[in-house]
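One-letter residues, chain by chain:
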Amino acid sequence: MSNLLEQAITASSTRLEHLSSRQYFAELVSTLSELVAADYAVVCELSDDQQTGHTLSVYGRGRYLDSFSFPLHNTASLQTIMNGACCLPDRACERFPDDQLLQRFSGKAFLSIVLKDHAGRAIGLLSIVFSTAVVDSDLLTHTLRLFALRASAELERSRHEGSINQLLTTLHDQNHSLLVAKQIYSHTSDGIIVTNSDNHIIYVNQKLEGMSGYSREELMGKSPQVLFYGGQTENVREKMWQALKLNGVWQGELVNRRKNGEYYSVFTSVSAVRDNQSRVQSYVFVHKDTSQERAAQNLITYQATHDQLTGLLNRYEFNGRIDNLLKENSGVTTRWAFFLIDLDDFKEINDSRGHLVGDQVLSAIAARLMNSVSQGNLLARLGGDEFGVFARVERSKDSAALVQSLLDVFKTQFILVDGSHYTLTASMGISFYPDDAKYAEKLYSEADQALYSAKLEGKNTYAFFNRSLKIKAFRQQTVKQRLHKAIVSRHIEVHFQPIIHLQSGVVSHCEALARWTDEELGEVSPEEFIPVAENYGLMPELGYCVAEKAIKTMAQLNARTAAPIGVAINRSPQEFVNRDVEPLVNIAKTYNFPAELVNIELTESLMVKKPEKARVQLRQLQSHGFGIAMDDFGTGYSSLAYLRKFPFHVLKIDREFIADICERGEDYNLVKTIIEMARNFKLHTVAEGVETKEQMLLLRSMGCDYGQGFYFSRPLRADALVDYVMSSALPQPIAHTINRNKLI
């Protein structure tokens, strides 16, 4: 349970239970205002025609304010009455300019719950007002509901009591008080007991008979304690009689027992009736059955602390219980382990089969995990496809056994009600108390770092947190923050590596490569910052920055060359699939750069993860004139079906096969096969990693179209690229010329 809800329950059960009417409502609004940091908290009563509200208590900014009345027409309060609740997290005053309550308090955010009597009629409102917008409106609404249960009962009781007292006062003046009181007691919706000064029952109404199961005759002359649950603490009864002696009134919740042995909760108000000499003549007990309200409160509490899909603890409750366990065992040398479990590639099930099937799989996983986690340990669904286990581990083999037990959950297929089968794996990160951290959130953070390490190892495995992970995580966070700043400020550099037409020796294209030198971190390798960008969702912005700079530079270069030179731009599957093609189209149009001179380089993983979406977007790029290249061909799945289904123009042969092409017959045959296959598919080939003249000559003789590598040039800055192209200082030039507009 969140701290907010824990405080709400504590506040409502301890600070308010012995208060009545004005004292109760005054304490209620001050407690609520301080608890949720609201600028104002208000409880108001509605007129019988529900046209006007009258504040019973108002508290704001450290003090109580005078009560006032306000019309309900065209107000947020009227919306609350109509819908049962109202949640305006922002711009409340703008939406209801005629709302006097909102205007009085300059309310920007307004949340309110209707207070109802036992018949479901709206009798009041409990509201909180903020001068700034709020974020966690769901949690605030839950908190209001907890207070509203008791506040509704108290407001109804107060109205009843006020009506009864007013009638009794009037009738007392007319010497008919006893007769009319009896009539009122007979028709009220609450159970009423009247005792003499010795606390022996002299009257019960019909409601009390129905509530308790006892007849009037069975109760006459007995103490009201005959109805009390015997397990109730003696302390409660002592407090009740002390309050009656001192103040003449007591309020609180009791547990009664019906004649059939069933227990039920009642909110009880006891008043001492005194004569003109202040001597106690009788006691009046008013019982309001709160069983349904208690059940509703229990339901709200359950929903606030449990995951609705799986029935497991949610993250708030999980963390709260962990911290409570650790506090209870603070003086004991107990060792605990935090297991953070994340399903591998679960998103693919949601994307391919829909969230309904995904939910069924999650429920099946939760059921298996419950069987694997012993009693006394904690299990929770932390969100999405992430689960948490917190378990006592006295010895190292205990944690090893539990790790194996949790991994065994995924060894067999998950079979759903429709007969469909799903095979899943999971990765796990593990941290320990007190070795790694001493409270829940920190344990989660350390386990999350270990989980990230397990994912990098290839998934379907586990990793323990250690200090080196912490250092690595700190470095990643630093790189992420500095990289985001560099992208926004356009401090990412673009270097260019020429791609050479092997038969002519001229520059056909240049591959654009991201480079980054940070003022604090120094030069950061692409092998470090590219994975960080992909893991933290920075690739779309980084890719756009590189594409814009690359096309702009090449447009400027082509203005100085006799024939145009194209550019090859790498696109991550993440940025490609989650974005449309318009940004690339717009960049090319902005710099008047023909799309036909742009090659988009993609790896095979894009086709594996999102084949349908990839096909659509590649066709869109093709329709705009862009060329499409499959990068690192031969290192992944290399399915020939990709060449048939997707509109590729170029295959880039990975440097791994070029390095030993002159020495290893296997590599020679493999590269030759790729070149011949590409020719049959009418695709051009680019050999990456060409570092020697021998490699270049051999590739040219094999019919490879283009080469790229250190033999021709290292990646160059924009100014150096201009010099390189303009000087035409290319190795092994070929005499005849070609039309570069028709290359690649």
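Residues numbered from 1 in each chain as written. Predicted model: local features only at pLDDT ≥ 70, side-chain atom pairs only at ≥ 80, totals over all residues. Heavy atoms only, no water.

**Student:** How should I be thinking about the overall build of the protein in this particular structure?
**Tutor:** If you tally the helices and strands in the protein, you get 28 helices and 28 strands. Looking at the protein as a whole, 50% of its 744 residues qualify as buried. As presented, the protein carries roughly 35,600 Å² of accessible surface, and 49% of it is formed by carbon and sulfur atoms. (Helix = DSSP H or I, 4+ residues; strand = E, 2+ residues; numbered from the N terminus. Buried < 20%, exposed > 50% of the residue type's maximum accessible area, 1.4 Å probe, protein only. Areas by Shrake-Rupley, 256 points an atom, 1.4 Å probe, with all protein chains shown as cover.)

**Student:** Whenever I open this one, the confidence of the model for the protein confuses me. Can you help?
**Tutor:** Any segment with low pLDDT has predicted coordinates that should not be analysed in fine detail. On average, residues of the protein carry a pLDDT of 85, and 88% of them reach 70 or more. When pLDDT is averaged over each element of the protein, strand S28 (residues 706–708) comes out on top at 96 and helix H7 (residues 177–187) at the bottom at 54. Counted against residues more than four places away or in other chains, residues 174–180, with its pLDDT under 50, gives five contacts. Scored below 50 in pLDDT, residues 729–744 shows 43 contacts in the model against residues more than four places distant or in partner chains. (pLDDT = per-residue confidence, 0-100. Contact = heavy atoms within 4.5 Å.)

**Student:** Just checking my understanding: could you explain the sheet that holds strand S13 (residues 336–343) for this structure?
**Tutor:** The strands making up a sheet are joined through hydrogen bonds of the backbone, oriented either antiparallel or parallel. The strand order S14-S15-S13-S18-S19 describes an open sheet built from five strands, whose pairing is mixed. On the outer flanks of this sheet lie strand S14 (378–383) and strand S19 (462–464), each paired with one strand and no other. Going across the sheet, the axis of each strand differs from the next one's by a mean of 20 degrees, ignoring polarity. Bridge count for S13 against strand S15 (residues 386–392) is seven bridges, and the pairing is antiparallel. Across the sheet, Phe 338 pairs through a bridge with Phe 390, a residue of S15. Each of S13, S14, S15 and strand S18 (426–433) is contacted by helix H12 (residues 315–328), which is oriented at about 140 degrees to S14, the strand it contacts most. (Pairing = 2+ DSSP bridges. Axes fitted to C-alpha atoms, helices over the stretch in contact; angles between N-to-C directions.)

**Student:** What am I meant to see in the pairing of strand S11 (residues 263–274) here?
**Tutor:** Examined bridge by bridge, strand S10 (residues 249–257) and S11 share nine bridges and lie antiparallel to one another. Across the sheet, Gln 251 pairs through a bridge with Ser 269, a residue of S11. Between S10 and the antiparallel strand that follows it, S11, lie five residues; Gly 261 among them carries a positive phi value of about 90 degrees. The sheet contact formed by S11 and strand S12 (residues 280–289) spans nine bridges and is antiparallel. Each residue of the ladder has a partner; that of Ser 271, found in S12, is Val 284. Where S11 hands over to S12, the hairpin turn is made up of five residues, of which Ser 278 adopts a positive phi near 65 degrees.

**Student:** Looking at this structure, how should I read the nonpolar core?
**Tutor:** Soluble globular proteins tend to pack their nonpolar side chains together in the buried interior. With 77 residues, the main nonpolar core has Ile 492 and Val 567 as its most contacted residues. At nine residues, helix H19 (residues 539–558) tops the list of elements feeding residues into this core. If sequence neighbours within four positions are ignored, Val 567 has contacts with Phe 496, His 509, Cys 510, Ala 512, Ala 550, Ile 551, Met 554, Phe 593, Leu 597, Val 598 and Asn 599. Counting 33 residues, the second-largest nonpolar core is a separate cluster that includes Ile 365, Leu 407, Val 409 and Leu 416. (Core = buried A, V, L, I, M, F, W, Y, C linked by side-chain atoms within 4.5 Å.)

**Student:** Help me understand the packing of H19 against helix H28 (residues 718–727) in this model?
**Tutor:** The relative placement of two packed helices comes down to the angle between their axes together with the axis-to-axis distance. Packing of H19 against H28 leaves a shortest axis separation of 11 Å and a crossing angle of 35 degrees. Remark: the crossing between H19 and H28 carries right-handed chirality. On the side of H19, the interface is formed by Thr 553, Met 554 and Leu 557, while H28 contributes Ala 718, Leu 721, Val 722 and Val 725. Its residues assigned to classes, the contact of H19 with H28 comprises six nonpolar, one polar and no charged. (Left-handed = near helix turned anticlockwise from the far one by under 90°. Nonpolar A, V, L, I, M, F, W, Y, C, P; charged D, E, K, R; others polar.)

**Student:** Could you clarify how one ought to interpret the pattern of salt bridges in this entry?
**Tutor:** Here the idea is simple: oppositely charged side chains can pair when their charged atoms come close. Within the structure shown, the criterion is met by 31 salt bridges. With a shortest N-O distance of 3.2 Å, Glu 511 and Lys 652 are connected by a salt bridge. Taken together, the residues span a long stretch of sequence, with Glu 511 in strand S21 (residues 507–518) and Lys 652 in strand S26 (residues 650–653) at a distance of 141 residues. Just as Glu 511 is buried, Lys 652 falls in that class too. A salt bridge links Glu 676 to Lys 672; its shortest N-O distance comes to 3.5 Å. In this pair, Glu 676 and Lys 672 are both assigned in helix H26 (residues 665–680), four residues apart and thus about one turn of the helix distant. Owing to a relative accessible area of 34%, Glu 676 belongs among the partly exposed residues under this scheme. (Salt bridge = Lys/Arg side-chain N within 4 Å of Asp/Glu carboxyl O.)

**Student:** Is there a simple way to think about unusual backbone geometry in this case?
**Tutor:** The omega angle of the peptide bond from Tyr 433 to Pro 434 is 0 degrees, so this bond is cis rather than trans. You can see Pro 434 is positioned in the loop between S18 and helix H16 (440–456). Positive phi, close to 55 degrees, is recorded for Asp 345, a residue that is not glycine. Looking at where Asp 345 falls in the secondary structure, it is placed in the loop between S13 and helix H13 (347–353). Take Asp 345: its relative accessible area is 47%, and that puts it in the partly exposed class. Even without a glycine there, the phi angle at Lys 682 is positive, about 60 degrees. You can see Lys 682 is positioned in the loop between H26 and strand S27 (684–688).

**Student:** What is the right way to look at the sheet that holds strand S9 (residues 201–204) in this model?
**Tutor:** Spatial strand order, S9-S8-S12-S11-S10: five strands in an open sheet with antiparallel pairing. The open sheet is flanked by S9 and S10, the only strands paired with a single partner. On average, each strand axis in the sheet is tilted by 25 degrees relative to the strand beside it, whichever way the strands run. On top of the sheet, helix H11 (residues 291–305) reaches S10, S11 and S12; it is set at about 130 degrees to S11, its chief contact.

**Student:** Could you clarify how one ought to interpret the environment of Ile 492 in this entry?
**Tutor:** Take Ile 492: it is sitting in the loop between helix H17 (467–488) and strand S20 (493–501). Separated by 57 residues in sequence, Ile 492 and Lys 549 have C-alpha atoms that sit 9.0 Å apart. Not counting residues within four places of it along the chain, the set of residues in contact with Ile 492 comprises Leu 483, Ala 486, Ile 487, Ala 514, Arg 515, Trp 516, Leu 542, Cys 545, Val 546 and Lys 549.

**Student:** How should H16 be read in this particular structure?
**Tutor:** Side chains three or four residues apart in an α-helix point the same way, a direct result of the helix having 3.6 residues per turn. Here H16 spans 24 Å end to end across 17 residues, near enough to the 24 Å set by a 1.5 Å rise per residue. Where H16 is concerned, the buried positions are Ala 440, Leu 443, Tyr 444, Glu 446, Ala 447, Gln 449, Ala 450, Leu 451, Ser 453 and Ala 454. Of the residues flanking the end of H16, it is Gly 458, one or two places downstream, whose phi is positive at about 115 degrees. (Expected span 1.5 Å × (residues − 1).)

**Student:** What am I meant to see in the packing of aromatic side chains here?
**Tutor:** Aromatic ring pairs are described here by two measures, namely the spacing of the ring centres and the angle between the planes. Throughout the structure, instances matching the rule amount to 15 aromatic pairs. Seen in terms of ring centroids, Tyr 24 and Phe 25 are 5.4 Å apart; in terms of plane orientation they differ by 80 degrees. Their pairing is edge-to-face. Centroid distance Trp 241 to Tyr 283: 5.3 Å. Interplanar angle 90 degrees. Geometry classified as edge-to-face. You can see Trp 241 sitting in helix H10 (residues 234–247) and its partner Tyr 283 sitting in strand S12, a full 42 residues away along the chain. An aromatic cluster is defined as three or more aromatic residues linked by ring pairs; in this entry it consists of Tyr 40, Phe 68, Phe 70 and Phe 105. (Phe/Tyr/Trp six-rings, centres within 6.5 Å; stacked < 30°, edge-to-face > 60°.)

**Student:** I tried to follow the packing of H12 against H16 on my own but got confused; where do I start?
**Tutor:** Where H12 contacts H16, the two axes come as close as 8 Å, and the packing angle between them is 115 degrees. When the axes of H12 and H16 are compared, the pair comes out roughly perpendicular. From H12, Arg 315, Asn 319, Ile 322, Asp 323 and Leu 326 reach across to H16, where they touch Ala 440, Glu 441, Leu 443 and Tyr 444. Taken together, the residues of the contact of H12 with H16 sort by class into five nonpolar, one polar and three charged. (Parallel < 35°, antiparallel > 145°, perpendicular 65-115°, else oblique.)

**Student:** Before we go on, may I ask you to explain the pairing of strand S8 (residues 191–196) in this structure?
**Tutor:** Regular strands have side chains that alternate between both faces of the sheet. S8 sits mainly inside the fold: five of its six residues count as buried. Where S8 and S12 come together, six bridges link them in antiparallel fashion. Each bridged residue has a counterpart across the sheet, and for Val 194 the counterpart in S12 is Val 284. Bridging between S8 and S9 involves three bridges; their strand directions are antiparallel. The residue of S9 that forms the bridge with Val 194 is Tyr 203.

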